[in-house]
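# Summary of structural features
These are the residues of each chain, in order.
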Amino acid sequence: MGLEELYSVCVHCGFCLDVCPTYQQTGKENESPRGRVYLMKAAVEGTIPLDESVNDPVFNCLDCRACETVCPSGVKVGTLIEKIRGLTVQENPKTGFRKFLHNFFLRELFPSPKRLITVRKFTRFYQRSQLQKVIHMSGALRLLPKYLREMESVLPKVTKASALSVLSKDILPLSKTSKGTVALFTGCVMDVFFSEINMATARVALRNQLRVNVPKQQICCGALQVHAGDRDQARKMARHNIDVFLQSGADFIVVNAAGCGAAMKEYPELFHDDLEEQEKAMQFSKKVRDITEVLTEVGFDRPKARLERTITYHDACHLAHAQHIRTEPRELLRSIEGITLIEMQDADRCCGSAGIYNITHPDMAQQLRERKIADLPRDAEVVAMGNPGCMLQIQAGIQAGGLEMDVVHTVELLDEAYRLERAER
Amino acid sequence: MKHAELIHELIAIFGADRVLHKHNELVVYECDGYVAQSGRPRAVVFPETTEEVARVVQLLHREKIPFLPRGAGTGLSGGATAMNEEVIISLVRMNKMLDVDFENMRAVVQPGHVNLQLTKQIAKRNFYYAPDPSSQSACTIGGNLAENAGGSHCLKYGVTTNHIVAAKVVLPTGRVVDFGAEFGDAVGYDLLGLLIGSEGTLGIATEITVRILKKPQAVKTILAMFDRVADASETVSRIIGEGIIPAAMEMMDQLAMQAVDKSNYHVGYPLDIEAVLLIEVDGLAAGVRAESEKIVDFCKEHQVRQVKVASSDAERALWWSSRKMAFGAMGRISPDYVVQDGVIPRTKLTEVLQRIREISISSGLRIANVFHAGDGNLHPLICYDASVPFETEKAMKAGSDILKVCVDVGGSITGEHGVGIEKIEDMRYLFSDAELCTQIAIRTIFNPDDLCNSGKLIPKPGRCSEMKHTSSIIKQQLEIFVDKSTKSASHSM
């Protein structure tokens, strides 16, 4: 879709204002969806320059899509924001250290599975050797902003190997009948810090008679690049994944990170100027499913074991707002006998993680984190969600707030229940 | 005072973070929910207390710089648009609930408090705030006060003015006064009544005391789809005629249904029905059941195609969203729209709709209709494309023609959206010069220099000797509402 088609849909009703986290915090319409759309329109039409008065609000947007959920007119604010970021990046190439950082992370590190393995190894060494302790004791971390220190302290322990390297290419379920084949997307950060969740996802799929295929050539989805406005790089990565996953022939492409799932469902947006590529991207995106979505779609077995837990559920923005997935995870969680689910206030308000927003915009991210932590029902022992970024963010908030609450991925609870039934047998 | 000096003074009051003044960041504030006209403010400030509002108003009054208050900017008549390079006093950061008293059924909120948030905050105790404009998820109580906002449930419960009992107000001269009474009726002239619906021309409310109500014991919501508009409107008259006052009785026509069915709030209306009625009854469970059964019968007697009672809260919520999101959903079928807000006697509905259809044909513009059928408040939504030359003017003209039809059948030009800039010229059709002058005379008492939201609500009459007379008396009386202390302060500067 062209830019004009996107912004002309807005009728300026303002129904988006009160769901926008940055508007809630600042009260400024420049930091609201309606305001951003108005600014972007003005910039595209040339009534104001594409300068910081547009770029700051556009880059301050969390891209949480809460506005899209309520918009009666159907403005695709997220897509518009991402496209304008693309224009800005094109017109104002980054220079100096910022360019180095951008290229290093978004062009060199994340797209390269090999480099990610190196990061993995280094982090594991850092955590397991005395190095982390020494650094903590030396006070060197004080050089980092408090906010990043808090994140560092909650980084999960990196396991020995990534799911991508451990899982075999094709795993058959125990049962003779199969409900279909899922190609598992293992992700970049996910497989460094949360490879256990990938393993759990595979186990839960197998337990529900799905054949699990793990395409070995897959790479990072490119969501961070899209969010940062680096659409060229994102296109390269999307093309690669589209080929790899379509070749696998799987019925579904299964994702357990909300941000990746949303980005992969939106791959066609990256190719709107090339019909052939867009067609292929559409074939691909039609198959993409969140793990909770595919389980409810093909039907899942109710775990036979009990799991006594009082839990609450946080809606990751890119599940609830970008993919409209709200009931599926709750249905799965409620299917576990013994689970009591307490709904939290404004469960679908962004926690401030928002990809790398918590690194680029630490002040706003911290304000939103504090609000999220304040909303957690104090009776809950566990808070479940479907996105690794949110997990780190909320874990850091829980620790900073001195609360005792476990942070888990939805499939981890399900996996635990299924494992208990095996143990009980 | 030079612009730079003004900005300097504003920053001295609010700090740099709460003042917007750069040319390009003000673009966003050049209109509200009414987009056909726009004007860029000279600055936007974000006070957090009554004192800050008073300080900035005193400054602007002293320097004779125009200003206006703004809430969420969801208004539909341009009431918060800066047509005179005003300083916008945005009240959205004044969004706290200051007090709630369940026993006495009162809450005190700041003007930036979002309407629906008030209901949400008191819902745990089974209370709610009754006026429910369609924009209630975003609009503010302060804005509701300024516009005397209505809403779907105002048929039974009354509009904003029936639910606000007191307000602390910063007058356009900067003086702080209290209007109304928390309990009982205020003695003397009803100044609060004057303030509510004055569209920001008499002052800025900074603390608002509202009535809160206990939720009704039972609610039933009925959706009735009709082949013909005439049948739907006769059903409306029949229900009221039988002595039933539903909490709400709403109608949408075919084009409105089609737009909203394309949105996130899809109900799935049959494509060929002409009108849908959404009727809600509430109260004691036994009465509600009997009333809803009667209503269903009346619908059937008037050739309803299909009528159903909501079977769950989710279904009820969807039907309501479908109605309340209808304005915004116009974006699905048209690049731009203006909504009109005419009021007519209920019994004239079929006739007026026919006249609107004729206006649509002669203007060549599609017009969807959404309305509060129970109280005869029409919202024709005129679709146009601002990028087509002269189409905006055509749409404005069609709107004005519709309002004339409303006045001609014995109605009025606004039910709940206010006059703002949009309908200001239509006021002349409704009022004589003498009547307008009386209104201006009242405004002059509160707003002697016409600095506060100038050019809204009341047009300048052709001749107005009374107005000049009143102004001169007020000048002689040394500005009745000017706080003596601020006056002397300004002299000493």
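Residues numbered from 1 in each chain as written. Chains lettered and ligands numbered in written order. Predicted model: local features only at pLDDT ≥ 70, side-chain atom pairs only at ≥ 80, totals over all residues.

This part covers the overall build of chain B. The helix and strand tally for chain B stands at 16 helices and 18 strands. For chain B, whose C-alpha radius of gyration is 23 Å, the value lies close to the compact-globule estimate of 23 Å for 493 residues. In terms of principal-axis extent, the alpha carbons of chain B reach across some 75 × 55 × 45 Å. Here chain B, with 493 residues, has 53% of them falling under the buried criterion. Residue pairs in contact within chain B that sit at least 24 positions apart in sequence constitute 73% of those at least 6 positions apart. (Helix = DSSP H or I, 4+ residues; strand = E, 2+ residues; numbered from the N terminus. Rg over C-alpha atoms; globule rule 2.2 N^0.38 Å. Buried ≥ 20, exposed ≤ 12 C-beta atoms within 10 Å, placed from the backbone. Contact = placed C-beta atoms within 7 Å.)

In terms of helices and strands, chain A carries 25 helices and nine strands. Taken against the 2.2 N^0.38 rule, which gives 22 Å for 425 residues, the C-alpha radius of gyration of chain A at 21 Å falls within 12% of a compact globule. Taken along its principal axes, the extent of the C-alpha atoms in chain A is 70 × 55 × 40 Å. Per-residue burial for chain A yields a buried fraction of 53% across its 425 residues.

Residues and elements named next belong to chain B. Strand order in the open sheet formed by seven strands is β15-β12-β14-β13-β17-β18-β16, with antiparallel pairing between adjacent strands. The open sheet terminates on both sides in strands that have one partner only, identified here as β15 (304-309) and β16 (336-339). Ignoring which end each strand starts from, the neighbouring axes of this sheet average 15° apart. Here strand β17 (residues 367-372) runs beside strand β18 (residues 377-384); their pairing, made up of six bridges, is antiparallel. (Pairing = 2+ DSSP bridges. Axes fitted to C-alpha atoms, helices over the stretch in contact; angles between N-to-C directions.)

Little of helix α9 (residues 131-138) of chain A is tucked away, with zero of its eight residues classed as buried. A positive phi of about 80° marks Gly 139 of chain A, the residue just after α9 of chain A.

Here four strands make up an open sheet; going across it, the order is β1-β2-β4-β3 (chain B) and the pairing mixed. Only two strands of the sheet have a single neighbouring strand rather than two, namely β1 (19-20) and β3 (67-70) of chain B.

Turning our eyes to something else, we now look at the environment of Tyr 269 of chain B. Relative to the assigned elements, Tyr 269 of chain B resides in the loop between α8 (254-261) and β14 (275-283). With 127 residues separating them along the chain, Tyr 269 of chain B and Met 396 of chain B place their C-alpha atoms 30 Å apart.

The next point concerns the domain arrangement of chain B. We note that the domain assignment places domain 1 (3-90), domain 2 (97-214) and domain 3 (217-333) within chain B. Of note, the centres of domain 1 of chain B and domain 3 of chain B, computed from C-alpha atoms alone, are 41 Å apart. (Domains from an automatic or database assignment.)

Taken residue by residue, the interface counts 32 residues in chain B and 24 residues in chain A. Split into classes, the residues belonging to the side of chain B that touches chain A amount to 17 nonpolar, ten polar and five charged. (Nonpolar A, V, L, I, M, F, W, Y, C, P; charged D, E, K, R; others polar.)

Moving on, we get to the confidence of the model for chain B. Residues and elements named next belong to chain B. Averaged over all residues, the pLDDT of chain B equals 92, while 94% of them reach at least 70. Across residues 485-493 the pLDDT falls below 50, and counting only partners more than four positions away or on other chains, this stretch makes five contacts in the model. Across the predicted assembly, pTM comes out at 0.92 and ipTM at 0.92. (pLDDT = per-residue confidence, 0-100.)

Turning next to helix α7 (residues 96-109) of chain A. Residues and elements named next belong to chain A. With 14 residues, α7 should reach 20 Å at 1.5 Å per residue; the first-to-last C-alpha distance of 18 Å fits that figure. At Asn 103, α7 shows its maximal kink, close to 30°. By the criterion of burial, α7 is predominantly exposed, with just one of the 14 residues buried. (Expected span 1.5 Å × (residues − 1). Bend = angle between axes of the 7 residues up to and from the residue.)

With that out of the way, let us pick up the nonpolar core. The nonpolar side chains of a soluble globular protein tend to be buried, and buried together. Of all hydrophobic cores here, the largest spans 266 residues; its most connected members are Val 254 of chain A together with Val 276, Leu 277 and Leu 381 of chain B. Non-local contacts of Val 254 of chain A, meaning those with residues more than four positions away in its chain, are made with Val 182, Ala 183, Leu 184, Phe 185, Ala 205, Arg 289, Ile 291 and Val 294 of chain A. (Core = buried A, V, L, I, M, F, W, Y, C linked by C-beta atoms within 7 Å.)

For the rest of this paragraph, the subject is the packing of helix α7 (residues 229-241) of chain B against helix α9 (residues 285-301) of chain B. Residues and elements named next belong to chain B. Two elements in contact, α7 and α9, have axes separated by 9 Å at closest approach and are oriented at 140°. Put simply, α7 runs oblique to α9. Crossing handedness for the pair α7 and α9: right-handed. In contact with Thr 235, Arg 238 and Ile 239 of α7, α9 contributes Ile 295, Phe 298 and Cys 299. (Parallel < 35°, antiparallel > 145°, perpendicular 65-115°, else oblique. Left-handed = near helix turned anticlockwise from the far one by under 90°.)

Before going further, it helps to spend a moment on the domain arrangement of chain A. Partitioning chain A into domains gives domain 1 (3-91), domain 2 (96-154), domain 3 (163-297) and domain 4 (303-424). Taking only C-alpha atoms, the centre of domain 2 of chain A and the centre of domain 4 of chain A are 25 Å apart.

Consecutive side chains of a regular strand alternate in pointing toward one face of the sheet and then the other. Residue and element names in this part refer to chain B. Pairing between strand β5 (residues 97-101) and strand β6 (residues 106-109): four bridges, direction antiparallel. Paired with Val 100 across the two strands is Ala 107, which belongs to β6. Of the pairings in the sheet, the one linking β6 to strand β10 (residues 204-211) comprises four bridges and is antiparallel in character. In the sheet register, Arg 106 faces β10, and the bridge partner there is Arg 211.

So, on to unusual backbone geometry. All names here are of chain A. With a phi angle near 55°, His 324 is a residue other than glycine that sits in the positive phi range. Along the chain, His 324 turns up in the loop between α20 (317-320) and α21 (327-334). Even without being a glycine, Ala 354 presents a positive backbone phi close to 45°. Position of Ala 354 among the secondary structure elements: in the loop between β7 (339-341) and α22 (357-360). Take Ala 354: there are 25 C-beta atoms within 10 Å of it, and that puts it in the buried class.

We now examine the environment of Asn 447 of chain B. Residues and elements named next belong to chain B. Relative to the helices and strands, Asn 447 resides in the loop between α14 (433-446) and α15 (465-476). Here Asn 447 falls in the buried class, since 23 other C-beta atoms lie within 10 Å of it. For the pair Asn 447 and Thr 201, spaced 246 residues apart in the sequence, the C-alpha separation amounts to 7.0 Å. Not counting residues within four places of it along the chain, the set of residues in contact with Asn 447 comprises Pro 172, Thr 201, Leu 202 and Cys 452.

So, on to the environment of Phe 125 of chain A. Structurally, Phe 125 of chain A can be placed in helix α8 (residues 113-128). Linking Phe 125 of chain A and Leu 101 of chain A, residues 24 residues apart in sequence, is a C-alpha distance of 23 Å.

Turning next to the packing of helix α3 (residues 33-44) of chain A against helix α6 (residues 77-91) of chain A. The packing of two helices is summarised by the inter-axis angle and the distance between the axes. Residues and elements named next belong to chain A. The interhelical angle for the contact between α3 and α6, taken along N-to-C directions, is 45°, at an axis separation of 11 Å. Here α3 is positioned oblique relative to α6, judged by the angle of their axes. Considering only the axes of α3 and α6, their crossing is left-handed. Where α3 approaches α6, its residues Pro 33, Arg 36, Val 37 and Met 40 are matched on the opposing element by Val 77, Leu 80, Ile 81 and Ile 84. Tallied by class, residues from the contact of α3 with α6 come to seven nonpolar, no polar and one charged.

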